[in-house]
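Secondary and tertiary structure notes
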Amino acid sequence: MISIGRTDKGKKRSNNQDSIFVSDTPVGPLPNLYIVADGMGGHAAGDFASRYAISVVIDFIRKSTIRSPISLLKRAFVYASNELYKEADKDKEKFGMGTTMVAAVVMNKTLYVANIGDSRLYIVDDDIKQITMDHSLVEELIRNGQLDRNKGRNHPEKNIITRAMGSREEAMPDFFEVDMREGTRILLCSDGLSNMVEDDEIRDIVQDNQDLDDAVTSLISKANYYGGNDNISVIIVSV
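Residues numbered from 1 in each chain as written. Predicted model: local features only at pLDDT ≥ 70, side-chain atom pairs only at ≥ 80, totals over all residues. Heavy atoms only, no water.

**Looking at the sheet that holds strand 10 (residues 232-238)**
Read from one edge of the open sheet, five strands run 1-10-9-6-7, paired in antiparallel fashion. One side of each edge strand has no neighbouring strand; the edge strands of this open sheet are strand 1 (2-8) and strand 7 (128-130). For this sheet the average axis-to-axis angle between neighbouring strands, irrespective of direction, equals 15 degrees. Lying on the sheet, helix 6 (residues 199-208) is in contact with strand 6 (120-124), strand 7, strand 9 (185-189) and strand 10; it crosses strand 6 at an angle near 55 degrees. (Pairing = 2+ DSSP bridges. Helix = DSSP H or I, 4+ residues; strand = E, 2+ residues; numbered from the N terminus. Axes fitted to C-alpha atoms, helices over the stretch in contact; angles between N-to-C directions. Contact = heavy atoms within 4.5 Å.)

Written out as structure tokens, the structure is:
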């Protein structure tokens, strides 16, 4: 496994509320681990939420003896969400904070994914395929046939998240398993990329740049070229 990850403030935000974690080497019982989180809340709260949630997830995994990636990610996500809610409850300046999170592990030629919110994971080989499904109001409208997907990108309520870490309710993530093949690339990103750059253009950039660092840099540059309206986080993993 070879990977590169980077996060960028973008052009419109004064601070960066995204956080990432990248490890091609074991983390607890997991052989590798990749995480993107996009914090929500006040000026400082969103930044804290994404960093804190990732740190809690990593600490939980490192101390765990659970061998099943899905079971382990589930327990880690739920625990981190509860801890984040407790932190928000203690500090009125952090009240209501939360974060999205998408995490991936590759084990025995299988990709295991957990996500909550609208940070995404894509598979890029001959084409691009979005594996995760956004937990957002717009995505629910699209799935219910109430909104055309092409109109969703510019919908005024596209940033309304329906599920996130840190909420009072149990934050249950979705899970996905994908059989991997050599040469496939895994892309994790925050909505600062996916809201600014079309999937086909993301695919072309990943395919055209064999060097992972060049691919990540080009994706962030393209999101900023189109306006950089949000923080941008990108991780690319080469299998």
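Next, the rest of the story.
**Some points on the environment of Val102**
Its place among the elements puts Val102 in strand 4 (residues 98-107). With 67 residues separating them in the primary sequence, Val102 and Ile35 have C-alpha atoms 5.7 Å apart. Residues in contact with Val102, not counting those within four places in the same chain, are Tyr34, Ile35, Val36, Val113, Ala114, Asn115, Ser119, Arg120, Leu121, Thr132 and Leu188.

**Comments concerning the pattern of salt bridges**
Opposite charge on two side chains makes pairing possible when the charged atoms of those side chains draw close. With the rule as written, the count across this model stands at 15 salt bridges. As a salt-bridge pair, Glu83 and Lys86 come within 3.2 Å of each other at their nearest N and O atoms. Taken together, the residues Glu83 and Lys86, both in helix 2 (residues 69-90) and three residues apart, mark about one turn of the helix. Using a relative accessible area of 16% as the deciding quantity, one classes Glu83 as buried. On the basis of relative accessible area, Lys86 is assigned to the partly exposed category, the value being 47%. One connected set of salt bridges, linked through shared partners, spans Asp127, Asp200, Arg203 and Asp204. (Salt bridge = Lys/Arg side-chain N within 4 Å of Asp/Glu carboxyl O. Buried < 20%, exposed > 50% of the residue type's maximum accessible area, 1.4 Å probe, protein only.)

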